[in-house]
Amino acid sequence: MQNHSEIAEFLWKIADLIKDDYEAKDYEDVILPFTLLRRLDCVLHPTRQAVREAADKYKAVPEQTRNALLMRTAGQKFYNTSEYSLDELIRRPNDIKDNFSAYLLGFSTNVKDILYNFSGGEEKGLSPIYETLVRKRLILKITQAFSGVDLSPENVDNHGMGTIFEYLIRKFKEASNEAAGQFYTPRDIIRLMVKLMFEPDRTKLARERLVGIYDPACGTGGMLTIAKEYLLGGINPQLEVYLYGQELNEKTYAIAKADMLMKGEDPENLKRENTLSRDLLPGKQFNYMLSNPPFGKDWKNIREEIEAENKMGVAGRYSPGLPDVGDGAMLFLLHKLSKMAPQGSKVALIFNGSPLFNGDAGSGPSNIRKHVLENDWLDAIVALPNDLFYNTGIATYIWLLNNHKPFERYGKVQLINATSSAFYTMLRRNLGKKRVEISEDQATAILGIYDAFDDSKLSKIFDTDDFGYTKVCVERPLRLRYDLTEEQRQRLQLDATVLRLKDNRAEQLATVLDKLTQEAPWKDDTKFFAILDNALPWKLTANLVKVLRATLGERDEAAEPVLNIDGQQVPDSELRDFENVPLKEDIDAYFAREVLPHVPDAWMDRSKDKVGYEISFTKYFYEYTPLRSTTEIAAELLALDEETENLLREIVKG
């Protein structure tokens, strides 16, 4: 069996044939689909003639039955009925364009789907790619180059083929690393995720017969394949692992599906469409789920579908709440929760900082956190080092969820701070914005912190309700003073409500107010309106009282509180405030201790209570660094002055 790295490097160097006609970012459009074609060619070689004969034999058979018969003849989950292979195409160089088209049309539907999506969903499948190669007079060179590579199962097994394809994907994504992070998660991060997800279940997995793994934002499929490799390579080689995924981007989907096909996986388990608006694996539940959903990607284009599903309540995926329309990452969390199996499921996903704390109490994001924490599904969150991804240097976190926590973790959440230099290694060469990676030893160290489940400098253990709070509305009384200045009274006469008064009531009101100016300012609202009401030959309406307060009243802390018709104090909306009271605290005791000493006239409107949840890593892991003394700073400044003077003397001497 040939060395996999040698084959991969050879395939990578085939790109040299097109470097004068293609930009580096477009090399993968040629090399990846041709690698797939060559692999399929080699796999189908032993049964090629039998499939051709079967295709003629079963022409009149219904398509679904015919497909099944041809796959059985091929001994694979795909086939090609054309009279060509890549080897046969290069024997007729003058007819290669037409023959290549016939060759592609001979593939089974699942392969055509991959080729269709490699071209970004073009109706002609791979035609735009090979027709461009024809136009540039490169099709023969490329076909000849790939025909010279032995990718037969005898030379390269499924695992080796997957390794080769992964190598090419990584090389192409690194070559265009500004876009890589959107669809390609660095492998060091994935290995840490699967280690954290699988290692605690090692004993259980060693006894299992089969598991299902799912990624609803699978990109190129790396999380799925690495997860399977980890299970089979280090935990249970006899385990049957079924991989499922869904992906929106056509080309990325094609890469992932091609990778699965070449590794012997069932390509029908991979779906292409927006997971958030349309789940193409409805009703299915999974043992393990992991993903790296896009950061900060809006869901405006699917807003109607998302909001409609939210209104379905528990019958839909989004009943707990909706995040801000500018970032749909938390929708992936809700989607995964809907896929949890009652007998036990674990979830690992990557978020930026926003899902930890964005949104006030009662908002969609807060309600989603509330839903997760009150159901005791959040197991741990690991803060990762910065600069781990190709296209962003922002802070990122791994969320671990489990609907069957171990007993000692019931009602608990572990926060792990793995941001220090002890948990990353600097790269010799930056890959876009990726400057660091997590080594195997460093990943094991993070797992050790998780397993220890202790409070330490790097690990904090909390009760789930430690993250919750009640947002309480604090009111203070409206206090108004009535100066009854001429300007105020003139403004009142122009108010629409006053102008609509019947008969001569506006004049009567003005006359009474003129008399009351003699005793202004009035600092008792109740007394002022009692005298005004008695002086008028008609009764003041509630609406007119509201207008008089708005037009004539001035806020004055020395005035008496304004009372409503029931004798209760009217709250001043401008003085309204809110207090976030931890769930574990008695609200009345908190109010008496934290609020009343500063504002004795305040009260709480408990009808406006809202419960919220947020997780603040900064607060929990903050370490105070004392400021330097003024003596130390002054000494440093003097030393700098002296150094500057010495340099100036040297310049003058020179």
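Higher on the page you've got the structure.
Residues numbered from 1 in each chain as written. Predicted model: local features only at pLDDT ≥ 70, side-chain atom pairs only at ≥ 80, totals over all residues. Heavy atoms only, no water.

So, the packing of helix H21 (residues 486–493) against helix H25 (residues 542–552)
Part 1 of the argument: The interhelical angle for the contact between H21 and H25, taken along N-to-C directions, is 140 degrees, at an axis separation of 9 Å. The angle between H21 and H25 falls in the class oblique. H21 and H25 meet at a crossing whose hand is right-handed. Along the contact surface, H21 presents Gln488, Arg489, Arg491 and Leu492, while H25 presents Val547, Leu548, Thr551 and Leu552.
Part 2 of the argument: Residue classes in the contact of H21 with H25 are distributed as four nonpolar, two polar and two charged. (Axes fitted to C-alpha atoms, helices over the stretch in contact; angles between N-to-C directions. Helix = DSSP H or I, 4+ residues; strand = E, 2+ residues; numbered from the N terminus. Parallel < 35°, antiparallel > 145°, perpendicular 65-115°, else oblique. Left-handed = near helix turned anticlockwise from the far one by under 90°. Contact = heavy atoms within 4.5 Å. Nonpolar A, V, L, I, M, F, W, Y, C, P; charged D, E, K, R; others polar.)

Concerning the pairing of strand E12 (residues 468–475)
Within a regular strand, side chains alternate between the sheet's two faces.
Part 1 of the argument: In terms of residue burial, E12 counts as a mostly covered element, since eight of its eight residues are buried.
Part 2 of the argument: Residue alternation in E12 divides its side chains into two sets, Gly468, Thr470, Val472 and Val474 and Tyr469, Lys471, Cys473 and Glu475, and both sets are buried.
Part 3 of the argument: Pairing of E12 with strand E16 (residues 603–613), which is carried by seven bridges, proceeds in the antiparallel orientation. Bridge assignment links Val474 to a residue of E16, and that residue is Met604.
Part 4 of the argument: Two strands pair when backbone bridges link them, and E12 and strand E15 (residues 577–582) are joined in this way by six bridges, in the antiparallel orientation. Within the sheet, the bridge partner assigned to Val472 lies in E15 and is Glu579. (Buried < 20%, exposed > 50% of the residue type's maximum accessible area, 1.4 Å probe, protein only. Pairing = 2+ DSSP bridges.)

Notes on the packing of aromatic side chains
Part 1 of the argument: For the structure shown, the criterion picks out 20 aromatic pairs.
Part 2 of the argument: With centroids separated by 4.4 Å and ring planes inclined at 10 degrees, the aromatic side chains of Tyr214 and Phe286 adopt a geometry described as stacked. Taken together, the residues span a long stretch of sequence, with Tyr214 in strand E1 (residues 210–215) and Phe286 in the loop between strand E3 (270–272) and strand E4 (288–291) at a distance of 72 residues.
Part 3 of the argument: Here Tyr214 falls in the buried class, since its relative accessible area comes to 0%.
Part 4 of the argument: Relative accessible area serves as the criterion here: at 1%, Phe286 is assigned to the buried category.
Part 5 of the argument: Here Phe351 and Trp399 contribute two aromatic rings whose centre-to-centre distance is 5.1 Å and whose plane-to-plane angle is 80 degrees, an arrangement assigned as edge-to-face. Of this pair, Phe351 sits in strand E5 (residues 346–352) while Trp399 sits in strand E7 (residues 396–402), and the two are 48 residues apart along the sequence. Note on accessibility: Phe351 and Trp399 belong to one class, buried.
Part 6 of the argument: Above the plane of the ring of Tyr22 lies Lys136, whose end atom (NZ or CZ) is 5.6 Å from the centre.
Part 7 of the argument: For the cation-ring pair, Lys471 lies above Phe578, with the distance from its terminal atom to the ring centre recorded as 4.6 Å. (Phe/Tyr/Trp six-rings, centres within 6.5 Å; stacked < 30°, edge-to-face > 60°. Lys NZ or Arg CZ within 6 Å of the ring centre and 35° of its normal.)

Looking at the sheet that holds E5
Part 1 of the argument: Pairing in this open sheet of nine strands is mixed, and the strands run E3-E2-E1-E4-E5-E7-E6-E8-E11 from one edge to the other. Each edge of the sheet is formed by a strand with only one pairing partner; in this case those strands are E3 and strand E11 (459–463). The mean inter-strand angle of the sheet, taken between neighbouring strand axes irrespective of direction, is 15 degrees.
Part 2 of the argument: With five bridges connecting them, strand E6 (residues 378–383) and E7 associate as antiparallel partners. Across the sheet, Ile381 pairs through a bridge with Trp399, a residue of E7.

As for unusual backbone geometry
Part 1 of the argument: Geometrically, the link from Ala520 to Pro521 is a cis peptide bond, its omega value of 5 degrees lying close to zero.
Part 2 of the argument: For Pro521, the location among the structural elements is in the loop between helix H23 (505–516) and helix H24 (525–535).
Part 3 of the argument: Although it is not a glycine, Arg137 adopts a positive phi angle of roughly 60 degrees.
Part 4 of the argument: Along the chain, Arg137 falls in the loop between helix H8 (127–135) and helix H9 (139–147).
Part 5 of the argument: With a relative accessible area of 74%, Arg137 lands in the exposed category.

Concerning the pattern of salt bridges
Close approach of charged atoms lets side chains of opposite charge pair.
Part 1 of the argument: In this structure the tally under the stated criterion is 42 salt bridges.
Part 2 of the argument: With a shortest N-O distance of 3.4 Å, Asp41 and Arg48 are connected by a salt bridge.
Part 3 of the argument: We note a salt bridge from Glu199 to Arg202, for which the minimum N-O separation is 2.9 Å.
Part 4 of the argument: A single network of salt bridges, built from pairs that share partners, joins Lys412, Asp463, Asp465, Asp466 and Lys584. (Salt bridge = Lys/Arg side-chain N within 4 Å of Asp/Glu carboxyl O.)

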